Amino acid sequence: MKKSFTIISLGCPRNLVDSESIVSEFKEKGYAFKDNAIGVDTVIVNTCAFIEDAKNESIETILKVVDAKKAGDVKKIVVAGCLPERYRGKLKKELREIDEFRGVVDFDATFKRNSVPMLTPAHYAYIKISEGCGNRCTYCIIPYLKGPYRSRPIESVAKEAGQLVQRGIKEIVLVGQDTSLYGTDLCGRKKLAELLKELDKVSNGIWLRLLYCHPANLDKDVIKVIRDSKNICRYIDLPIEHASDRILRRMGRKTGKADIASLIQYIRRQIPDVCIRTSAIVGFPGETEKDFQELVSFIKKTRFERLGLFMYSREEGTPAYKLKAQVSEREKQRRFNEIMTLQQSISSRINERFKGRRLKVLVDEAQEGDYIARTEYDAPEVDGTVHVKGRALEPGNFYNVRITDTYEYDLVGEVL
Ligand code: SF4
């Protein structure tokens, strides 16, 4: 009888792509894949170790699987990804029940996974167009775990995108650590605009979504390609991380408030109904109340459609770990709450504009008689949703809806 296995994929969509290539590898070895751990031979935990919370979640998950092994429900445990890449020696000593430790997945292996997406719902898929990062933001451990920047060749990305479209995929999400630098390692110049044009040709009638652009590296020609495309979502994911020039310098972000502001103005001029998602960090070492208020007023003025907020996580092995003037957890929490309250009211007012409007949505799932869907302004798993009232809708299909109600982050609509 075939041995069976399952995988628990933690962290971001980039890690999910790595998990898919591990699934491919085990399938090729003749294992049968199961989407839950009941009665399987092997459980693989593909971990994340980007920040403290992610490390804690990884360890808690591993300990649960160890308990299942002790109870005889699991025979073998494999721990992969960023946590063993960072702490292999320590983990080996402390977790003797683990049968195998692996580091991060070899990037080329993600090209070779079979093209059927395996860990996302059948109607959307992630393609990792690059791996590693050379930006070396001072708070970030990624460059030390994932290595230098490598781009996947355009032909290889386009081939996979074509296969996914043929299999009925409705949304392709392009990911990397910094997608805006795509191509620089291949030919010394950025080729993201070229890649998007190429993918646009094979993506008729589906959504193409770009995540993880860096404001210091995002070129205007990329924005123009998005403006002129019918398939690329008018959605720009642009983590600013902060708005005080002093803190941006300490973070090593290679850009300043004025440049970020003019880039955002340019994007909004070129694509008037664009949705800009950003992320920011509060409590970075040395952040004074004045720096913090500079971030608050920038967020108030810019009115981002989507904002993810993090409290600074002090990571050993990063330059910022040694910086003086570390901010207390209590103060980080106070600053976090202040911005989240502000963003809630901004998001609420932005959503009100959609009332009565007609929007195209992609249904993700059925839920208690209604349906959970997203517009082109909502990335999977991180942004808001549209609660759609309708009958016999098919998850994985597009529908036109009229928005009947709005909330801070979500919308309500009825099928037209
Ligand atoms: S851009 Fe900065 S934060 Fe993002 S992966 Fe690279 S070093 Fe880390």
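Here the structure is a predicted model, which is why all the values come from computation and not from measurement.

Novice: Can you help me understand the environment of Glu57 in this one?
Specialist: Among the structural elements, Glu57 can be located in helix H2 (residues 52-70). Since its relative accessible area comes to 39%, Glu57 is described here as partly exposed.

Novice: When you look at the sheet that holds strand E14 (residues 358-367) in this model, what are you seeing that I'm missing?
Specialist: Strand pairing in a sheet takes place through backbone hydrogen bonds and is either antiparallel or parallel in direction. The strand order around the closed barrel built from 5 strands is E14-E15-E16-E18-E17, with neighbouring strands paired in mixed fashion. The mean inter-strand angle of the sheet, taken between neighbouring strand axes irrespective of direction, is 50 degrees. Sheet topology note: the strand E15 (residues 370-374)/strand E16 (residues 386-389) ladder contains 3 bridges and is antiparallel. Along E16, the bridge assignment pairs Ile372 with His387.

Novice: For this particular structure, what's the right way to read the packing of aromatic side chains?
Specialist: Centre distance and the angle of the planes are the two values used to describe a pair of aromatic rings. Within this structure, the stated rule accounts for 10 aromatic pairs. Ring geometry for Phe5 and Tyr31: centres 6.0 Å apart, planes at 90 degrees, overall edge-to-face. Of this pair, Phe5 sits in strand E1 (residues 4-9) while Tyr31 sits in the loop between helix H1 (13-28) and strand E2 (32-33), and the two are 26 residues apart along the sequence. Accessibility classification places Phe5 together with Tyr31 in one group, the buried group. Taking 6.3 Å as the distance between ring centres and 45 degrees as the angle between the ring planes, the aromatic pair formed by Phe298 and Phe304 counts as tilted. Given the relative accessible area of 0%, Phe304 is considered buried. Site record: aromatic cluster; members linked through ring pairs are Phe5, Phe26, Tyr31 and Phe33. The ring of Phe26 carries the charged tip of Lys29 above its face, separated from the ring centre by 4.8 Å.

Novice: Is there a simple way to think about the sheet that holds strand E13 (residues 306-311) in this case?
Specialist: What the 3 strands build is an open sheet, ordered E11-E12-E13; its pairing is parallel. Edge positions in the open sheet fall to strand E11 (235-237) and E13, since each of these has one partner strand only. For this sheet, the mean inter-axis angle between neighbouring strands, taken without regard to orientation, is 15 degrees. Note that strand E12 (residues 275-282) and E13 share 6 bridges and pair parallel.

Novice: What is the right way to read the domain arrangement of the protein from this model?
Specialist: Interface extent is often summarised as the accessible area lost during association of the parts. Domain parsing of the protein yields domain 1 (4-107), domain 2 (108-352) and domain 3 (358-415). For domain 2 and domain 3, the distance between their C-alpha centres works out to 24 Å. At the boundary of domain 2 with domain 3, total buried surface from both sides reaches about 2100 Å², with 49% on carbon and sulfur atoms. Linking domain 2 with domain 3 are 4 salt bridges.

Novice: Can you help me understand the nonpolar core in this one?
Specialist: Nonpolar side chains in soluble globular proteins tend to end up buried together. Counting residues in hydrophobic clusters, the biggest one holds 57 residues, and the most contacted among them are Ile172, Leu174, Leu196, Leu238, Ile267 and Ile339. When near neighbours in sequence (up to four residues on either side) are disregarded, Ile267 contacts Leu218, Ile223, Ile236, Leu238, Val274 and Ile276. Formed by 29 residues, the second largest nonpolar core is a distinct cluster that contains Cys275, Val363, Val386 and Phe398.

Novice: I tried to follow the packing of helix H8 (residues 192-201) against helix H9 (residues 220-228) on my own but got confused; where do I start?
Specialist: To characterise two packed helices, one gives the angle between the axes of the helices and the distance between these axes. Relative to each other, H8 and H9 sit at 15 degrees, their axes nearing to 8 Å. Considered as vectors, H8 and H9 are oriented roughly parallel to each other. The handedness of the crossing between H8 and H9 comes out as left-handed. Residues Leu192, Ala193, Leu196 and Lys197 of H8 lie in contact with H9, whose contacting residues are Asp221, Val222, Val225 and Ile226.

Quick notes on the rules
Residues numbered from 1 in each chain as written. Predicted model: local features only at pLDDT ≥ 70, side-chain atom pairs only at ≥ 80, totals over all residues. Heavy atoms only, no water. Helix = DSSP H or I, 4+ residues; strand = E, 2+ residues; numbered from the N terminus. Buried < 20%, exposed > 50% of the residue type's maximum accessible area, 1.4 Å probe, protein only. Pairing = 2+ DSSP bridges. Axes fitted to C-alpha atoms, helices over the stretch in contact; angles between N-to-C directions. Phe/Tyr/Trp six-rings, centres within 6.5 Å; stacked < 30°, edge-to-face > 60°. Lys NZ or Arg CZ within 6 Å of the ring centre and 35° of its normal. Domains from an automatic or database assignment. Buried area = accessible area lost by both parts, 1.4 Å probe. Salt bridge = Lys/Arg side-chain N within 4 Å of Asp/Glu carboxyl O. Core = buried A, V, L, I, M, F, W, Y, C linked by side-chain atoms within 4.5 Å. Contact = heavy atoms within 4.5 Å. Parallel < 35°, antiparallel > 145°, perpendicular 65-115°, else oblique. Left-handed = near helix turned anticlockwise from the far one by under 90°.

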